[in-house]
Amino acid sequence: MSSKPFEFNAANLEAWQKAAVKSAPGGDVNALNWKTPDGITVKPLYTAQDTANLPYVHTLPGFEPFLRGPQATMYAVRPWTIRQYAGFSTAEESNAFYRKALAAGGQGVSVAFDLATHRGYDSDHPRVEGDVGKAGVAIDSVEDMKILFEQIPLDKVSVSMTMNGAVLPVLAGYVIAAEEQGVAQDQLSGTIQNDILKEFMVRNTYIYPPEPSMKIIGDIIEYTAKHMPKFNSISISGYHMQEAGANQALEMAFTLADGKEYVKTAIAKGMDVDGFAGRLSFFWAVGMNFYLEIAKMRAARLLWCRIMKGFNAQNPKSLMLRTHSQTSGWSLTEQDPYNNVVRTTIEAMAAVFGGTQSLHTNSFDEAIALPTEFSSRIARNTQLIIQEETHITSVIDPWAGSYMMESLTQEMADKAWAIIEEVEAMGGMTKAVDSGWAKLKIEAAAAEKQARIDSGKDVIVGVNKYKLGKEDLIETRDIDNVAVREGQIARLKNIKAQRDSAKVQAALEALTASAESGQGNLLDLTIQAMRLRATVGEVSDALEKVFGRHRADTQKVTGVYAAAYDSAEGWEQLQKEIAEFGDQQGRRPRVMIAKLGQDGHDRGAKVVATAYADLGFDVDMGPLFQTPEECARQAIENDVHAVGVSTLAAGHKTLVPAIIAELKKQGADDIIVFVGGVIPRQDYEMLYDAGVKGIYGPGTPIPASAKDVLEQIKKAVA
């Protein structure tokens, strides 16, 4: 028996619409549409009509515009590289972790540095007392770097280093550690992040202002193109933008615009575009918007090819967007944390379907503390299972030809391109960043997202729906910050006692002179200084004499959280209570939101400040990188009722008791202190004993924390 093949036409579509109306809410098929945070409408049904006029549906992987992947055979011949982003405590401990990970199936090393290193401070600097070894590994000199890579053959293992602020001494230290291992510079493979524009928008581990920072990037691209042909001179990162709140279209647009700016910088140094562009790489976040993440990665390759053709790049390698990806840290929840294993698996699948070249999967406990070996193994095995058990790697770009995915890819590309054109109209990404416009766009998106979660519009399983009645404690990694710092200080003293101080001083003065004159290559000069055992802090200081240290603007968005929260139950009542407090006390409750130490991750702080202001609090934002003494002084001068400390980098055990002690010392122990962020429940009792009045971990609805803070303020003034 034969039947006619189905032929799609307008009548078929009309028949479907009539059938769908019967089950659609209110009989409206449009009610089934999903409006993404990027402003794209995703329909429940896509047909051949949606792809009929799309220009790139019938392209091939490995060929322009590379929408279907930068390599012709993709994972069918060589799967993506499995990386494990890690670093904690000392170089010795991190080295042991890397070697175990490589032995267990890891295929590259990704180094996380502590915040003191990121910000160009040696471990003995008084400003980093609570930061050494806490959110990454402490590196002060070549000697630390040699220990970090001991028994790891750097001619065979690619190394990715997430470093931007102190990029010169860290990259120099790696180069010299390899040399002293017997590995020449032209044998080194891997990536240095070296993406400073992103730091001014979101992560804030910068040192110098934008203009000299761009000079450093140009020098690194120039040096590595000449001496390190297998090494990626920059990893242009959207990851931290999405982690800070950007939607996928913003992440893609700002990242590609950053890349465009870096290409301009290198060309301005007289470099041929095809001499360096093939070693530029990218770094995406992969969150829980599954379809959007796949479409984003496909669209980004399309747009990067378009951008590089605009620079008249001829080599196909210059036109390819190659990327590392990492599953979201922000999507991980403190509540019901084993759900995070599922989230990470879904995000890893999206990265793979999107065509990533390497991947790091986050561990399920990272919303609480640094990952344990147990949780890291599960994260690593997630990738091994996808590679070895599923046969997903056998097919190149399995989403190709999908009515929905091809349409969504084009819509993502169009949305991002419109933002890129807006940036160009402002004069490029450096100006967009310098003006604060780009940062505020991301912060507005973050506030809107948090409001949707707090109001229940966006479901987070185990947090605002299907919650556990009782949360069990899970084992977490704890770092003895005091012991790590003491060990680093001892090693620093030993290095300084054994080196030729006069030669070191001359090398540092040469760096300063180069920064003043603009002559010479700063990476070349840094390598010379580090060979003589100059330290990370000394190199940074030598440049700071000329460049200065950048100070961020603490402006915040207003009205966004309240608009997205949409007057959910309890919001107006809380606003009323805050207004009544103002009437009774003669002023509104005043709160200062603070970031202590070198933790620049300010998404939480900015969102809380926005929401509290929308509720009716008077809100002051403390500048980034305050010491407890500076924070206490500002709180007293501003006559606040409360200080809220936002912490994401594990410094709370040192810095929070220090701010409470400092307020008391300065005669202001009536100012209450509350804390929010990544804090293991095991630490709650210690913080309460120190005098903290409220602790609000990840997933705490902001209105709930605000109500509690208001009650604590009422008690304090009674």
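Quick look at the structure, then. (Residues numbered from 1 in each chain as written. Predicted model: local features only at pLDDT ≥ 70, side-chain atom pairs only at ≥ 80, totals over all residues. Heavy atoms only, no water.)

1. Some words on the overall build of the protein chain
Definition in use: Starting at the N terminus, helices and strands are each numbered in turn, a helix being any DSSP run of H or I of at least four residues and a strand any DSSP run of E of at least two. Note on contacts: a residue pair qualifies if any of its non-hydrogen atoms lie within 4.5 Å across the two residues. Here the positive residues are Lys and Arg and the negative ones are Asp and Glu; neither His nor the chain ends is included. Charge positions are represented by NZ for Lys, CZ for Arg, CG for Asp and CD for Glu.
What the protein chain contains, in helices and strands, is 29 helices and 16 strands. Dimensions of the protein chain along its principal axes, counting C-alpha atoms only, are 90 × 70 × 50 Å. Taking the contacts inside the protein chain whose residues are at least 6 apart along the sequence as the reference set, 80% of them involve residues at least 24 apart. Of note, the protein chain has its 73 positive side-chain charges centred 3 Å away from the centre of its 90 negative side-chain charges.

2. A word on helix α16 (residues 403–425)
For clarity, the cut-off: In this analysis, the expected span of each helix is defined as 1.5 Å times one less than the number of residues it contains.
The first and last C-alpha atoms of α16 sit 33 Å apart over 23 residues, in line with the 33 Å expected at 1.5 Å per residue. Backbone geometry just after α16 places Gly427 at a positive phi near 105°.

3. Here's the deal with the environment of Thr558
One can find Thr558 in the loop between α22 (536–547) and α23 (560–565). Separated by 51 residues in sequence, Thr558 and Ala609 have C-alpha atoms that sit 8.9 Å apart. Excluding its chain neighbours within four sequence positions, the residues that come into contact with Thr558 are Thr610 and Asp614.

4. Focus on the side chain of Thr90
Heads up, the rule is: The buried label goes to any residue with under 20% of its type's maximum accessible area, the exposed label to any with over 50%, and the partly exposed label to all in between, with areas taken from a 1.4 Å probe on protein chains only.
Within the secondary structure, Thr90 is located in the loop between β3 (81–86) and α3 (91–103). By relative accessible area, which is 16% here, Thr90 ends up buried. Apart from the residues lying within four places of it in its own chain, the contact partners of Thr90 are Val137 and Val484.

5. Let's talk about the side chain of Glu577
Stated precisely, the cut-off is as follows: Each polar contact in these results corresponds to two N or O atoms within 3.5 Å; when the atoms are within protein, one needs to be able to donate a hydrogen and the other to accept it, and residues that are neighboring in sequence are counted only if both atoms are side-chain atoms.
Its location among the elements puts Glu577 in helix α24 (residues 571–585). There is a polar contact of 3.2 Å between the side chain of Glu577 and the side chain of Lys707. Those residues in contact with Glu577 that sit more than four places away from it in its chain are Lys707, Leu710, Glu711 and Lys714.

6. Examining the nonpolar core
How we decide: Definition used in this section: a nonpolar core is a set of buried Ala, Val, Leu, Ile, Met, Phe, Trp, Tyr and Cys residues joined via side-chain atoms within 4.5 Å.
Within the largest apolar cluster, 86 residues are counted, with the highest numbers of intra-cluster contacts made by Phe254, Met308 and Met429. By residue number, the principal contributor to this core is helix α12 (residues 290–310), which donates 12 residues. Those residues in contact with Met308, other than ones at most four positions away along the chain, are Val263, Val273, Ala277, Ala313, Ser318 and Leu319. Judged by nonpolar contacts, the second largest core, of 66 residues, contains Phe97, Val170, Ile207 and Leu543.

7. Describing the packing of helix α26 (residues 628–637) against helix α27 (residues 652–665)
Stated precisely, the cut-off is as follows: Angles run from 0 to 180 degrees between N-to-C directions of axes, and those axes are lines fitted to C-alpha atoms, restricted for helices to the stretch in contact. Here the angle decides the label: under 35 degrees means roughly parallel, over 145 means roughly antiparallel, 65 to 115 means roughly perpendicular, and every other value means oblique. Crossings are sorted by hand: turned counterclockwise from the far helix by less than a right angle, the near helix makes the crossing left-handed, and turned clockwise it makes it right-handed. When residues are grouped by polarity, Ala, Val, Leu, Ile, Met, Phe, Trp, Tyr, Cys and Pro land in nonpolar, Asp, Glu, Lys and Arg in charged, and all others, Gly among them, in polar.
Remark: α26 packs on α27, axes separated minimally by 9 Å, with the N-to-C direction vectors making an angle of 45°. The angle between α26 and α27 falls in the class oblique. α26 and α27 meet at a crossing whose hand is right-handed. Residues Pro628, Glu629, Cys631, Ala632, Ala635 and Ile636 of α26 pack against Leu655, Ala658, Ile659, Glu662 and Leu663 of α27. Of the residues that constitute the contact of α26 with α27, the class distribution is 9 nonpolar, no polar and 2 charged.

8. Considerations on the environment of Gln519
Mapped onto the elements of the fold, Gln519 is located in the loop between α20 (501–517) and α21 (522–531). Judged by relative accessible area, which is 56%, Gln519 ranks as exposed. In the structure, Gln519 is positioned 164 residues away from Gly355 in sequence and 41 Å away in space, judged by C-alpha atoms.

9. Comments concerning the environment of Ala490
Mapped onto the secondary structure, Ala490 falls in helix α19 (residues 481–498). Sequence spacing of Ala490 and Asp124 is 366 residues, and the spatial spacing of their C-alpha atoms is 9.3 Å.

10. Looking at a nonpolar patch on the surface
As a reminder of what qualifies: For patch building, the residue pool is restricted to those with more than 30% relative accessible area and no salt bridge; the joining distance is 9 Å between like charges and 5 Å between nonpolar side chains (Val, Leu, Ile, Met, Phe, Trp, Tyr). Surface accessibility in these figures is a Shrake-Rupley result with a 1.4 Å probe; residues are shielded only by whichever protein chains are displayed. Any Lys or Arg side-chain nitrogen found within 4 Å of a carboxyl oxygen on Asp or Glu counts as a salt bridge.
A cluster of nonpolar side chains, namely Met288, Val342 and Ile346, defines an oily patch on the protein surface of about 230 Å² accessible area. Taking relative accessible area as the criterion, Ile346 reaches 31% and is therefore assigned partly exposed.

11. What about unusual backbone geometry?
Geometrically, the link from Glu64 to Pro65 is a cis peptide bond, its omega value of 0° lying close to zero. Here Pro65 is to be found in the loop between α2 (48–51) and β3.

12. Observations concerning the pattern of salt bridges
Taken as a whole and judged by the stated rule, the model has 44 salt bridges. With a shortest N-O distance of 3.2 Å, Glu64 and Lys309 are connected by a salt bridge. A residue pair is termed long-range when its members are at least 10 positions apart, and Glu64 in the loop between α2 and β3 and Lys309 in helix α12 qualify at 245 residues. Using a relative accessible area of 42% as the deciding quantity, one classes Glu64 as partly exposed. With relative accessibility at 43%, the residue Lys309 sits in the partly exposed group.

13. Overview of α22
An α-helical turn contains 3.6 residues, so a residue and the one three or four places further along point in the same direction. Taking 1.5 Å of rise per residue, the 12 residues of α22 would be expected to cover 16 Å, and the 16 Å separating its terminal C-alpha atoms lies within 8% of that figure. Those residues of α22 hidden inside the fold are in contact with α4 (115–118), α6 (167–181), α8 (210–227), α19, α20 and α21. Just downstream of α22, Gly548 is the residue with a positive phi angle, here 75°.

14. Observations concerning the sheet that holds strand β14 (residues 642–647)
Here is the rule: Note: two strands are recorded as paired if DSSP finds a minimum of 2 bridges between them.
Pairing is parallel in the open sheet, where 5 strands are placed in the order β13-β12-β14-β15-β16. Each of the sheet's edge strands pairs with one partner strand only, and the pair in question is β13 (618–621) and β16 (694–696). Taken pair by pair, the neighbouring strands of this sheet meet at an average axis angle of 20°, ignoring direction. Sitting on the sheet, α27 touches β14 and β15 (672–677), and the angle it makes with β15 is about 165°.

15. Overview of the packing of helix α14 (residues 339–354) against helix α15 (residues 373–389)
With their axes 10 Å apart at the nearest point, α14 and α15 run at an angle of 45° to one another. Between α14 and α15, the crossing angle belongs to the class labelled oblique. As α14 runs across α15, the sense of the crossing is right-handed. Between α14, through Val341, Thr345, Ala348, Met349 and Val352, and α15, the contact on the second element is made entirely by Ile378, Thr382 and Ile386. The class makeup of the residues in the contact of α14 with α15 is 6 nonpolar, 2 polar and no charged.

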